[in-house]
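Structural overview for review
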Amino acid sequence: QVQLVESGGGLVQAGGSLRLSCAVSGRTFSSLFMGWFRQAPGKEREFVAVISRSGITKYADSVKARFTISRDNARNTAYLQMDSLKPEDTAVYYCAGEAGLYTFPTNPDGYDYWGQGTQVTVSS
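Our subject in this report is the structure included herewith. (Residues numbered from 1 in each chain as written. Predicted model: local features only at pLDDT ≥ 70, side-chain atom pairs only at ≥ 80, totals over all residues. Heavy atoms only, no water.)

A few words on the environment of Tyr102. Mapped onto the fold, Tyr102 is located in the loop between β9 (91-98) and β10 (113-114). On a C-alpha basis, the gap between Tyr102 and Leu4 in space is 19 Å, while along the polypeptide they are 98 residues apart. (Helix = DSSP H or I, 4+ residues; strand = E, 2+ residues; numbered from the N terminus.)

In structure tokens form, the structure reads like this:
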């Protein structure tokens, strides 16, 4: 069974940085597109970033200049480096894996596997 576990969330002041990690087990990590999503209370789950098996990336416009998605296939881990954080970035952040039907999926329905989420809170 595929398992995804996020870590690295916490409380940070506006303008600060956090690095989220997503460890994957249960199948070949390098075969998956890996995405990051976030969801604030009362809001829809929204796309943040996605990275292909070979390292090609796409970002939501709201984070493109501030966040960086990466992956280390040897360590079966995906990352989200978040810089210049804003209060509106406050949300639960989820990592997700897509097993093969879609290309650079930005809709949550395109993903097959999900982590439990990690809370990111940015104070003003």
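The discussion continues.
In spatial order, the strands read β1-β3-β8-β7; together these four strands make up an open sheet with antiparallel pairing. If you trace the sheet from one side to the other, it starts and ends with β1 (3-7) and β7 (67-72), each paired once. Along the sheet, successive strands turn relative to each other by an average axial angle of 15 degrees, direction set aside. Relative to strand β8 (residues 77-82), strand β3 (residues 18-25) runs antiparallel, the two being bridged by six bridges. (Pairing = 2+ DSSP bridges. Axes fitted to C-alpha atoms, helices over the stretch in contact; angles between N-to-C directions.)

What follows covers the packing of aromatic side chains. Going through the model one piece at a time under the given rule, you end up with six aromatic pairs. Relative to Trp114, the ring of Tyr94 lies with its centre 6.5 Å away and its plane at 80 degrees, an arrangement referred to as edge-to-face. With Tyr94 in strand β9 and Trp114 in strand β10, the pair connects residues that are 20 residues apart, well separated along the chain. By way of ring pairs, the aromatic residues Phe37, Phe47, Tyr94, Tyr111 and Trp114 are connected into one cluster. The cationic tip of Arg45 hangs over the ring face of Tyr94; the distance from NZ or CZ to the ring centre is 3.9 Å. (Phe/Tyr/Trp six-rings, centres within 6.5 Å; stacked < 30°, edge-to-face > 60°. Lys NZ or Arg CZ within 6 Å of the ring centre and 35° of its normal.)

By themselves these figures say nothing about function.
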